[in-house]
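Understanding the architecture of this molecule
These are the residues of each chain, in order.
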Amino acid sequence: MPNISYVDGVYQNYENSKININDRGYHFGDSVYEVILFNKGIFYDFEEHISRLFTSLNSINIKFSLSRISLKIIIKNLIKINRVSFGSVYIQVSRGIAERNHSYKGMNIKPLLSIIVTKKLNNIGNDTIGVKAITLDDNRWSRPDIKTTQLLPNVLAKTEANIKGAFEGIFIDSDGYVTEGSSSNIWIINNNNEIITRPIDGQILSGITRKTIAQFAKLNKLIVKEEKFKKQELYKSKEVFLTSASSFVTPIIEIDNIEINEGKIGQTSIDLRNLYFRNSRNNL
Ligand code: PMP
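Residues numbered from 1 in each chain as written. Predicted model: local features only at pLDDT ≥ 70, side-chain atom pairs only at ≥ 80, totals over all residues. Heavy atoms only, no water.

**Overview of a nonpolar patch on the surface**
Residues Leu152, Val155 and Leu156 make up a contiguous nonpolar surface patch of about 290 Å² in total accessible area. Judged by its relative accessible area of 55%, Leu152 is exposed. (Patch = residues over 30% accessible without salt bridge, like charges linked within 9 Å, V, L, I, M, F, W, Y side chains within 5 Å. Areas by Shrake-Rupley, 256 points an atom, 1.4 Å probe, with all protein chains shown as cover. Salt bridge = Lys/Arg side-chain N within 4 Å of Asp/Glu carboxyl O. Buried < 20%, exposed > 50% of the residue type's maximum accessible area, 1.4 Å probe, protein only.)

As structure tokens, then:
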């Protein structure tokens, strides 16, 4: 069980890891985050996740002065101290601590970095399991492309999915098109064996796993298209799968109680999942 976290410069036990009541992340969701998967000292898409963290920080104008190198050292130390072999690291940077006020203009505050390591069940070698999903209206703010901790619609969607016995809630925009999952990007494979996912159009998060999988698929001579698709197309797809750092490539075999491919996991989803584990690695 990992039990050491990093909060604002200090490595300490969870019981002592406290965040100030005036942290703007707590008050306003005024913070950004990343989740990175690791396995025996190897990270998946490490550099890309760190780059996106800095992009998110810039997008909401958080002046974070820690260098990439220092951040990497902290993450590496934390994983070592916690003695976790397979898991994920959660990195959050809030704008900092200040008396509650919506505007941060003129506030001379220092961003607050906190990091948690979570042990995960290593099911890489096991048989791939297909999951169920439900669809729901996308009621998020108009900047879901920024990876902020302001995740209430995602929290409610995932919970509704879980209550209905499903793993993921898939958001549908006001024109009936799939945007993304509550914590994942969504893909379909049509009857022409084309692999399709929504383009990066500002209405979804630019998933790191999404990008990696698209590259692997193309390298393996699969046809990848970035196009919007409707809910009805989801139902009649040959395969549907989701991607995220914490769920890798996970096949979806039922949506809104409708079986996809008669409830069977498709071979391309399995192949892409295996490709991901074999190839997307960075040493620290
Ligand atoms: N969309 C949303 C809303 C997410 O929360 C996530 C996971 N953070 C993703 C997509 C997938 O992104 P990634 O592959 O970078 O984990």
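**Quick word on the pattern of salt bridges**
Taken as a whole and assessed by the stated rule, the structure comprises 16 salt bridges. Between Asp8 and Lys110 there is a salt bridge, with the nearest N and O atoms lying 3.1 Å from each other. Placement of the pair is Asp8 in the loop between β1 (4–7) and β2 (10–13) and Lys110 in the loop between β5 (86–94) and β6 (112–119), with a sequence separation of 102 residues. Between Glu194 and Lys225 there is a salt bridge; the shortest N-O distance is 2.9 Å. (Helix = DSSP H or I, 4+ residues; strand = E, 2+ residues; numbered from the N terminus.)

**Section: the layout of surface pockets**
Within this model, the largest pocket holds a volume of roughly 640 Å³. Counting only elements with at least two residues in the lining of the largest pocket, the list comes to β3 (31–39), α2 (46–59), α4 (152–163), β9 (178–181), α5 (208–219) and β13 (239–244). Partitioning the lining of the largest pocket into residue classes produces 12 nonpolar, 15 polar and five charged. Here the lining of the largest pocket spans two domains, and each of domain 1 (4–119) and domain 2 (131–283) adds at least three residues to it. Contributing to the lining of the second largest pocket are Asn123, Asn126, Asp127, Thr128, Ile129, Val131, Phe167, Ser247, Phe248, Thr250 and Arg273. (1 Å grid on protein atoms, 1.4 Å probe; cavity = no way out; pocket = protein on both sides within 12 Å on 5 of 7 lines; lining within 4 Å. Points joined across faces, edges and corners; volume = space filled by probe spheres on them. Nonpolar A, V, L, I, M, F, W, Y, C, P; charged D, E, K, R; others polar. Domains from an automatic or database assignment.)

**As for the domain arrangement of the protein**
Put simply, an interface is often sized by how much accessible area is lost when its parts join up. Segmenting the protein into domains produces domain 1 (4–119) and domain 2 (131–283). Distance from the C-alpha centre of domain 1 to the C-alpha centre of domain 2: 26 Å. At the junction of the two partners, domain 1 supplies 25 residues and domain 2 supplies 20 residues. Of the roughly 2,000 Å² buried between domain 1 and domain 2 on both sides combined, carbon and sulfur atoms contribute 57%. For domain 1, the biggest contributors to the area lost against domain 2 are Tyr33, Tyr44 and Arg52; these three give 31% of the whole. At the surface where domain 1 touches domain 2, the tally comes to zero salt bridges. Broken down by secondary-structure element, the contributors of at least two residues to the side of domain 1 that touches domain 2 are β3, β4 (42–44), α2 and β5. Here the residues of the side of domain 1 that touches domain 2 sort into 12 nonpolar, eight polar and five charged. (Contact = heavy atoms within 4.5 Å. Buried area = accessible area lost by both parts, 1.4 Å probe.)

**Considering the site of the ligand**
Residues in contact with the ligand amount to 18 residues; listed here are only the nearest, Lys147, Glu180, Ile208, Thr209 and Ala245. Residue Glu180 places a side-chain N or O atom 2.6 Å away from a nitrogen atom belonging to the ligand. With the chains in place, 94% of the 390 Å² that the ligand exposes on its own is no longer accessible. For the ligand, the cavity whose grid points lie within 2 Å of the majority of its atoms is the largest pocket. Listing elements by their share of the shell around the ligand, those giving two or more residues are α2, β9, α5 and β13. Of the residues that constitute the shell around the ligand, the class distribution is four nonpolar, 11 polar and three charged. Counting the residues that make up the shell around the ligand, at least three belong to each of domain 1 (4–119) and domain 2 (131–283). (Near = heavy atom within 4 Å. Polar contact = N/O pair within 3.5 Å; in protein donor to acceptor, adjacent residues only side chain to side chain. Sits in = over half its atoms within 2 Å of the grid points.)

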